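Examining the three-dimensional arrangement
So the chains spell out like this:
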Amino acid sequence: TYTAVCSISPSASGTLSNTATVSGGAVTDFDAGNNSATDTDGLGGNADLAITKPDGVTTATAGGSVTYTITASNAGPSSATGATVADTFPASLTCNWTCVGAGGGTCTASGSGNISDTVNLPAGGSVTYTASCTVSASANGTLSNTATVAAPAGVTDPVPGNNSATDSDTLTPQADLAITKTDGVT
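So, here's what we can say about the structure. Not measured: the values here are computed from a predicted model.

**So, unusual backbone geometry**
Cis geometry is adopted by the peptide bond preceding Pro77, which originates at Gly76 and carries an omega value of 15 degrees. Along the chain, Pro77 falls in strand β5 (residues 65–77).

As structure tokens, then:
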């Protein structure tokens with residue numbers, strides 16, 4: 001009896017098929033039909049995706065700006081090729097963003113408006129978006145924004161609770177008021 005413990009490549013997909021054989025050497029085998037056995041397993045991905053989205057502040061100024069750092073990562077063990085990162089910004093924000101990958105992660109390099117990006121996240125990889133946003137001068141209340149990451153078809157995420165992140169900031173209006181008064185004579 002042989003016990004083989006094998007690691008599967010994180011990027012493997014499709015079907016895993018393996019065949020073992022035995023031969024009698026100089027001995028005649030009267031039933032050669034049972035001298036090989038094949039095991040076949042369908043490969044399904046299992047990738048723990050996560051996302052974070054801080055802007056580093058708890059208050060924002062109407063008419064000012066905020067910068068979000070949105071990081072989607074894959075703790076593995078499988079790759080997540082074709083995962084989706086999405087962020088629909090509130091109407092009170094006008095945003096431009098850039099993205100860089102780390103650990104083999106890939107994403108669209110830049111864009112404007114909402115983020116809806118197909119990314120590749122190998123096990124241990126990540127992508128980081130930097131969204132620079134202008135806040136509408138008429139905005140008030142709380143500025144709340146959520147980013148999500150979703151696994152591609154065929155990949156199961158065992159911990160879906162960390163697939164969305166929300167940042168909330170209290171909006172504080174500020175105004176630089178000034179007044180002058182003259183009657184035009186001294």
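Alright, that's what it looks like, and here's the rest.
**Description of the packing of aromatic side chains**
Tallied over the full model, the rule gives two aromatic pairs. Above the plane of the ring of Tyr68 lies Lys53, whose end atom (NZ or CZ) is 4.2 Å from the centre.

**Observations regarding the side chain of Asp117**
As for its position among the elements, Asp117 is in strand β9 (residues 115–121). Of the buried charged residues, Asp117 lacks a salt bridge, with Lys53 as the closest side chain of opposite charge at 14 Å. A distance of 2.7 Å separates the side chain of Asp117 from the side chain of Tyr129, its partner in a polar contact. Among all residues touching Asp117, those that are not within four sequence positions of it are Ala83, Thr84, Val85, Cys107, Thr108 and Tyr129.

**Digging into the sheet that holds strand β7 (residues 93–102)**
A sheet is described by the order of its strands in space; here six strands give the open sequence β8-β7-β10-β5-β3-β12, paired in mixed fashion. Across the chains shown, the open sheet's two edge strands, defined by having one partner strand only, are β8 (110–112) and β12 (155–156). Examined bridge by bridge, β7 and β8 share three bridges and lie antiparallel to one another. Bridge pairing links Thr98 to Ser110 in β8.

**Focus: the nonpolar core**
Nonpolar side chains in soluble globular proteins generally cluster together in the buried interior. By size, the foremost hydrophobic cluster in this structure holds 31 residues, and its most contacted members are Tyr68, Leu93, Leu121 and Tyr129. Of all the elements in the fold, those that place two or more residues in this core are β3 (45–52), β5, β6 (80–87), β7, β9, β10 (126–135), β11 (142–150) and β13 (164–172). Looking at this core, the element that brings in the most residues is β10, giving five residues. Here Leu121 is in contact with Leu49, Ala72, Ser73, Asn74, Ser79, Ala80, Ala83, Ser126, Val127 and Val149, once residues within four sequence places are set aside.

Cut-offs used in this document
- Residues numbered from 1 in each chain as written.
- Predicted model: local features only at pLDDT ≥ 70, side-chain atom pairs only at ≥ 80, totals over all residues.
- Heavy atoms only, no water.
- Helix = DSSP H or I, 4+ residues; strand = E, 2+ residues; numbered from the N terminus.
- Phe/Tyr/Trp six-rings, centres within 6.5 Å; stacked < 30°, edge-to-face > 60°.
- Lys NZ or Arg CZ within 6 Å of the ring centre and 35° of its normal.
- Buried < 20%, exposed > 50% of the residue type's maximum accessible area, 1.4 Å probe, protein only.
- Lys, Arg positive; Asp, Glu negative; His and termini not counted.
- Salt bridge = Lys/Arg side-chain N within 4 Å of Asp/Glu carboxyl O.
- Polar contact = N/O pair within 3.5 Å; in protein donor to acceptor, adjacent residues only side chain to side chain.
- Contact = heavy atoms within 4.5 Å.
- Pairing = 2+ DSSP bridges.
- Core = buried A, V, L, I, M, F, W, Y, C linked by side-chain atoms within 4.5 Å.

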